[in-house]
Amino acid sequence: MGLIEQKQHFSVNLLDWYMINRRDLPWRRHNNPYFTWVSEIMLQQTRVDTVIPYFNRFIGNFPTVQALAEAPEEDVLKNWEGLGYYSRARNLQAAARQVMELHGGEIPQDKQAVFALKGVGPYTAGAILSIAFNQPQPAVDGNVMRVLSRYFLIDEDIMKGSTRVLMEELAGELIPEGRARDFNQALMELGALVCTPKAPHCLTCPVMEQCSGRIAGRELTLPVKTKAKPPRPEQRLVAIVEGRGVHRGRVLVRQRPESGLLARMWELPHVLAEPPAKAGKKAAPLADEPAMALLAGSLWAEGFAARPEGLATHAEHVFSHIVWQLQVYKCTEQSQSSELPLIAAEARAAYDAQAATKDTVATDPDGQSASTFTSTSSITSDQVERRMLTDDVEVLDNAPQIHIGKGDQLTYRWIGPEDMDKMAFPNIFLKLLSSYFAGVYDDINE
DNA sequence: AACACGGGGAT
DNA sequence: ATCCCAGTGTT
């Protein structure tokens, strides 16, 4: 058996298998290039089962390229909430605006034009061109690399860029004449349903007879893939600041900067407790006393007087490159002006003591230096009072902003449960806020 | 080439 | 609890 026969066997049998076994997925019910595009962006790093409800809601809210282009960015982010990799949402909308301006609202069929869209790389360009327009372009994702590395017994590390290029050349050769749309989806479908990462179902595989990997007994050791670095741990102190007076029933949240981790998402205020530990090690928890002092100090530095009352809960949030180990403290807003000087003095002293002892103390978000923080954190009690006593959000937003870090302006807001409908939160803060509003942390007092 | 960038599922 | 999964953008 030669390579040419092996390739033909693969293409023919895989395509036949797919035409019988293809899943009925929302984005497969119509040949709508916009649906294909949205689904492929959502499917990056994300499983089909997770994507389905997001896709249906997203298309319901933004049924056309134009609707997406014209939507408030906040709405798009809210529709992406919980899906992760939020730059995908921002890039998708930016690309929708590109399509409106450059292509009259029609998704381009030219390879260079598709590739030029924000958030569209080699894989997604190939997927759109083949699935939406049946163009014979390879669409090589992780599924495809796994299937091809096994069937053709390719030992190259799939984490290398050169391997992806090699796979694209191979995948392109395998596309049967005029069948790019079905064949590319067949390849990925096989990887998702049969040629799975850990326990491939070789006995039901349509191409097992000529699968070099299986014949060599290598199906479990392919593809070759370098391991990712373990995420570095970060100990963070989180404040659930319970409002008093005009803020009664509300909690203090803030919006993250427009770039970087969780860009533009809302969150509970928090502060890095100490310099990040080495990846693989775990961060040492901070005792409650210094933790609460540090937290009060960092809140004070951002214009809020709050008294930490006690530990509400521990939580952990795992990103691909960071692990947040969170100590969550229930705090109370100090709304009486007479308390201000005392709270402020105590908090500042505690915070400055920490800052003086450590090389880098934490600030927010995400690790600016202590000196930067200190140099910009001199705030008058006037400013604090305004933040504390202002109920109206617009007035708060229009008030002079306090600058920290690299010139980032953080917007703070006092919110009730109803406000969460329109604000996008990362899952960890979604859970903490839901628990709080459900009354779970009510026993944390004094 | 190396790193940043979320969240979920399987065992 | 510990593993695995893996496209695009930035630098």
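What comes next is a walk through the structure.

What counts and how
Residues numbered from 1 in each chain as written. Chains lettered and ligands numbered in written order. Predicted model: local features only at pLDDT ≥ 70, side-chain atom pairs only at ≥ 80, totals over all residues. Heavy atoms only, no water. Helix = DSSP H or I, 4+ residues; strand = E, 2+ residues; numbered from the N terminus. Buried < 20%, exposed > 50% of the residue type's maximum accessible area, 1.4 Å probe, protein only. Contact = heavy atoms within 4.5 Å. Areas by Shrake-Rupley, 256 points an atom, 1.4 Å probe, with all protein chains shown as cover. Salt bridge = Lys/Arg side-chain N within 4 Å of Asp/Glu carboxyl O. Polar contact = N/O pair within 3.5 Å; in protein donor to acceptor, adjacent residues only side chain to side chain. Near = heavy atom within 4 Å. Nonpolar A, V, L, I, M, F, W, Y, C, P; charged D, E, K, R; others polar. Pairing = 2+ DSSP bridges. Core = buried A, V, L, I, M, F, W, Y, C linked by side-chain atoms within 4.5 Å. Domains from an automatic or database assignment. 1 Å grid on protein atoms, 1.4 Å probe; cavity = no way out; pocket = protein on both sides within 12 Å on 5 of 7 lines; lining within 4 Å. Points joined across faces, edges and corners; volume = space filled by probe spheres on them.

Turning our attention to the overall build of chain A. Check the secondary structure of chain A and you find 18 helices and nine strands. Buried positions account for 54% of the 446 residues belonging to chain A. For chain A, the proportion of contacts with a sequence separation of at least 24, taken over those separated by at least 6, is 70%. When the accessible area of chain A is evaluated, it comes to approximately 20,500 Å², of which 51% is carbon and sulfur surface.

On to the pattern of salt bridges, then. With the rule as written, the count across this model stands at 18 salt bridges. As a salt-bridge pair, Arg-23 and Glu-189 come within 3.0 Å of each other at their nearest N and O atoms. Of this pair, Arg-23 sits in the loop between helix H1 (3-21) and helix H2 (33-42) while Glu-189 sits in helix H11 (residues 180-193); the two residues are 166 residues apart in sequence, bridging distant segments of the chain. On the accessibility criterion, Arg-23 (22% relative accessible area) is partly exposed. Glu-81 is paired through a salt bridge with Lys-78; the nearest N and O atoms lie 2.9 Å apart. Through salt bridges with shared partners, a single network forms among Arg-254, Arg-256, Glu-267 and Glu-302.

Before going further, it helps to spend a moment on the environment of Asp-24. With respect to the secondary-structure elements, Asp-24 resides in the loop between H1 and H2. Side chain to side chain, Asp-24 and Arg-29 meet in a polar contact 3.5 Å long.

What follows covers the protein's contact with DNA strand C. Taken together, 20 residues are adjacent to DNA strand C, and Gly-119, Gly-121, Thr-124, Asp-141 and Gly-142 come closest. Across the atoms of DNA strand C situated within 4 Å of the protein, the share located in sugar and phosphate is 67%. In this structure, Gly-121 approaches DNA strand C through a main-chain N or O atom, which is 2.8 Å from a phosphate oxygen. In this structure, Thr-124 approaches DNA strand C through a side-chain N or O atom, which is 2.6 Å from a phosphate oxygen. Its residues assigned to classes, the surface near DNA strand C shows six nonpolar, eight polar and six charged.

Here strand E5 (residues 306-318) runs beside strand E6 (residues 322-333); their pairing, made up of 11 bridges, is antiparallel. Bridging from a neighbouring strand, Glu-316 pairs with Gln-325 of E6. Where E5 hands over to E6, the hairpin turn is made up of three residues, counted between the paired strands.

Glancing now at the nonpolar core. Core analysis: the biggest nonpolar cluster contains 67 residues, and Tyr-34, Trp-37, Met-42, Phe-58, Trp-80, Leu-268 and Phe-425 have the highest contact counts within it. Each of two domains, domain 1 (3-215) and domain 2 (232-437), supplies a minimum of three residues to this core. Residues contacting Leu-268, with those up to four places away along its chain left out, are Val-238, Ala-239, Ile-240, Val-251, Leu-252, Val-253, Arg-254, Phe-429, Leu-432 and Leu-433. If you look at the next biggest cluster of nonpolar residues, it comprises 35 residues, including Ile-131, Val-147, Ala-171 and Val-207.

With that settled, the discussion passes to the protein's contact with DNA strand B. Neighbouring residues of DNA strand B: 19 residues in total, closest Gln-45, Tyr-85, Tyr-86, Leu-262 and His-317. Expressed as a percentage, the sugar and phosphate content of the atoms of DNA strand B within 4 Å of the protein is 57%. For DNA strand B, a phosphate oxygen lies 3.1 Å from a polar atom in the backbone of Leu-261. Considered class by class, the residues forming the surface near DNA strand B number eight nonpolar, 10 polar and one charged.

Empty space among the atoms becomes visible once a probe the size of a water molecule is rolled across them. Considering all chains together, one arrives at three cavities of 30 Å³ or more under this definition. Estimates place the volume of the largest cavity at around 110 Å³. What lines the largest cavity is a set of 15 residues, among which Arg-150, Cys-195, Cys-202, Cys-205 and Cys-211 lie closest to the centre. In terms of residue count, the dominant contributor to the lining of the largest cavity is helix H9 (residues 142-151) (three residues). Class assignment for the residues of the lining of the largest cavity results in 11 nonpolar, one polar and three charged.

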